[in-house]
Amino acid sequence: MPESVLKTLQNDLLDYRGCGVSVLEMSHRSSEFAQIAEKAEQNLRTLLSVPDEYSVLFMQGGASAQFALCVHNLDVKGSVAYANTGYWSKKAMNVAQPLTRVKEVTQCISDPLQRIPDSHSWVDADTASFIHITDNETIDGIVFKKVPEVSVPLVVDMSSSILSQPVDISRYGLIYAGAQKNIGPAGITVLIIRNDLLERSAANSLPPVFSYWATAAADSMLNTPPTFAWYAAGLVFEWLLERGGLAAVAAQNEQQAQRLYSVIDEHEMFINTVHPENRSRMNIPFALSDDTLTQRFLANAKQQGFIGLKGHKSIGGLRASLYNAVPDESVDALVSYLNGFAREHA
Ligand code: PMP
């Protein structure tokens, strides 16, 4: 999270702007919280230019809950389709498997670099209720650079790429994202849903807190929402607006990612296996050509203050995550650490 946001949270922690209680203590029905919630939604709408015919929902259960809830709420035809582009899309597909008929429309190819096939070559999914994609595969470092062109609504897991660049919302039926990357603390999940899809979920018999329709009808306050996470997310939205919005944020993200990829490409000892067409700007997985050096790489990195460079347990290796709050100085430091390590072990 941005340091300035953490400082505001610290400053407001005991007494939210003179009202005598902390946001941690305040009722979600209070006028103070109503304002916090409303402002957060408005700022999110401004940042992403959300069209009027889309609703914004705040739910709980993280992106993982949405793997099932998008099927329960939106599958009216008894069939959903998935682009299987990595760890998280596979996981979403596995969750859907016992709930409905699941069709895989595509998967990444390695020739030898990993690439997402163009959507025109995907297996036909006209009969599916929707096609689910994972915009940015957080573990594999694979991103869609173009929105797929498909004939049924697109449901997208944007957990690790939301707010990293401007998005044409009108190309999607549903966008969902767990908060804990570019939005704020874990505990709140953001959904942006086209209203005709929202209406699809009106007839379901789901418990209200799992129903998109019921959640929207209650302004995402059917029960006590994660108030502090909602408030913190609102501060992040303000911070992004102050930085000039998502075009400015995207330019910085692109520059940071390119700097890191060019060091990785420059030295033979670093390997990234993703095709440039699908390289993520948020998560850059890489490995050392001599894996016996990985532990030393991590130990030295830790000594120098780098945290979280170990790759996900499912694929090992290393990973640098460049979420919005990462400042340029951190990227400078990592670039110089990589160059130094490569020289030392060449
Ligand atoms: N989808 C993606 C793309 C993710 O990166 C993650 C978490 N890293 C998840 C889903 C799961 O999110 P949650 O922990 O919020 O359920």
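Quick caveat: nothing in here was measured; it's all calculated off a predicted structure.

**Student:** It is not clear to me how empty space enclosed by the protein should be interpreted in this structure. Could you clarify?
**Tutor:** If a probe as big as a water molecule is rolled over the atoms, it shows which places are left empty. Taken as a whole and judged by the stated rule, the model has one cavity of 30 Å³ or more. Volume-wise, the largest cavity comes out at about 60 Å³. Lining the largest cavity are Asn136, Val143, Ser161, Ser164, Gln165, Asn253, Ser280, Arg281 and Met282. Classifying every residue of the lining of the largest cavity gives two nonpolar, six polar and one charged. Each of two domains, domain 1 (3–242) and domain 2 (245–344), supplies a minimum of three residues to the lining of the largest cavity.

**Student:** Got a minute to help me understand helix H4 (residues 87–96) in this structure?
**Tutor:** Note that an α-helix has 3.6 residues per turn; residues three or four places apart therefore point the same way. The set of residues buried in H4 consists of Ser89, Ala92, Met93 and Ala96. With its buried residues spanning 100 degrees around the axis, H4 presents them on a single face. Those residues of H4 that are buried are in contact with helix H3 (62–74), strand E2 (79–84), strand E3 (101–107), strand E6 (131–134) and strand E7 (136–137).

**Student:** Whenever I open this one, the side chain of aspartate 135 confuses me. Can you help?
**Tutor:** Considering the arrangement of structural elements, one finds aspartate 135 in the loop between E6 and E7. Buried and unpaired, aspartate 135 has arginine 281 as its nearest opposite-charge partner, separated by 7.3 Å. Once you skip the residues sitting within four places of it in the chain, aspartate 135 turns out to touch Ile142, Val143, Phe144, Val156, Asp157, Met158 and Ser161.

**Student:** What should I look at first to understand the site of the ligand in this one?
**Tutor:** Taken together, 13 residues surround the ligand, and among them Ser64, Thr138, Asp157, Gln180 and Lys181 come closest. Protein chains bury 84% of the 400 Å² of accessible surface belonging to the ligand in isolation. Ranked by the residues each element gives to the shell around the ligand, the list is headed by H3, at four residues. Across the shell around the ligand, the residue classes tally to three nonpolar, eight polar and two charged.

**Student:** What's the story with the packing of aromatic side chains in this structure? I'm lost.
**Tutor:** Here the distance between the centres and the angle between the planes together describe a pair of aromatic rings. This model, assessed by the stated rule, comprises 14 aromatic pairs. Residues phenylalanine 228 and tyrosine 231 carry aromatic rings whose centres are separated by 6.0 Å and whose planes lie at 65 degrees to one another, so their mutual orientation is edge-to-face. Of the two residues, phenylalanine 228 and tyrosine 231 are both situated in helix H7 (residues 227–242); the distance of three residues between them amounts to about one turn of the helix. Since its relative accessible area comes to 4%, tyrosine 231 is described here as buried. With centroids separated by 5.4 Å and ring planes inclined at 35 degrees, the aromatic side chains of phenylalanine 306 and tyrosine 337 adopt a geometry described as tilted. Here the residue phenylalanine 306 occupies a position in the loop between helix H9 (294–303) and strand E14 (318–321), and tyrosine 337 occupies one in helix H10 (residues 328–344), the gap between them amounting to 31 residues. By relative accessible area, which is 6% here, tyrosine 337 ends up buried.

**Student:** What's the story with the layout of surface pockets in this structure? I'm lost.
**Tutor:** For the largest pocket, the calculated volume is near 380 Å³. If you trace the largest pocket, you find 15 residues lining it, with Phe306, Ile307, Ser321, Val326 and Ser330 closest to the centre. Residue assignment for the lining of the largest pocket shows that the elements contributing at least two residues are E14 and H10. A per-element tally of the lining of the largest pocket places H10 first, with four residues. When its residues are assigned to classes, the lining of the largest pocket shows 10 nonpolar, four polar and one charged. If you trace the second largest pocket, you find 15 residues lining it, with Ile116, Pro117, Asp118, Ser119 and Lys146 closest to the centre. Partitioning the lining of the second largest pocket into residue classes produces six nonpolar, three polar and six charged.

**Student:** Can you help me understand the side chain of arginine 319 in this one?
**Tutor:** In this fold, arginine 319 is placed in strand E14. Setting aside chain neighbours within four positions, we find arginine 319 in contact with Thr138, Ile139, Asn283, Ile284, Pro285, Phe286, Gly308, Leu309, Lys310, Gly311 and His312.

**Student:** Explanation requested: the packing of helix H2 (residues 31–48) against H7 in the structure shown.
**Tutor:** A pair of packed helices is characterised by two quantities: the angle between their axes and the separation of those axes. One way to put it is that H2 packs onto H7 with a least axis distance of 9 Å and a crossing angle of 40 degrees. By the criterion of interaxial angle, the relationship of H2 to H7 is oblique. Judged by the twist between their axes, the crossing of H2 over H7 is left-handed. Note on element contacts: H7 touches H2 through Thr227, Trp230, Tyr231, Gly234, Phe237, Glu238, Leu240 and Leu241, opposite Phe33, Ile36, Ala37, Lys39, Ala40, Asn43, Leu44, Thr46 and Leu47. Per-class residue counts for the contact of H2 with H7 are 11 nonpolar, four polar and two charged.

Thresholds applied
- Residues numbered from 1 in each chain as written.
- Predicted model: local features only at pLDDT ≥ 70, side-chain atom pairs only at ≥ 80, totals over all residues.
- Heavy atoms only, no water.
- 1 Å grid on protein atoms, 1.4 Å probe; cavity = no way out; pocket = protein on both sides within 12 Å on 5 of 7 lines; lining within 4 Å.
- Points joined across faces, edges and corners; volume = space filled by probe spheres on them.
- Nonpolar A, V, L, I, M, F, W, Y, C, P; charged D, E, K, R; others polar.
- Domains from an automatic or database assignment.
- Buried < 20%, exposed > 50% of the residue type's maximum accessible area, 1.4 Å probe, protein only.
- Helix = DSSP H or I, 4+ residues; strand = E, 2+ residues; numbered from the N terminus.
- Arc of directions from axis to C-beta.
- Contact = heavy atoms within 4.5 Å.
- Lys, Arg positive; Asp, Glu negative; His and termini not counted.
- Salt bridge = Lys/Arg side-chain N within 4 Å of Asp/Glu carboxyl O.
- Near = heavy atom within 4 Å.
- Areas by Shrake-Rupley, 256 points an atom, 1.4 Å probe, with all protein chains shown as cover.
- Phe/Tyr/Trp six-rings, centres within 6.5 Å; stacked < 30°, edge-to-face > 60°.
- Axes fitted to C-alpha atoms, helices over the stretch in contact; angles between N-to-C directions.
- Parallel < 35°, antiparallel > 145°, perpendicular 65-115°, else oblique.
- Left-handed = near helix turned anticlockwise from the far one by under 90°.

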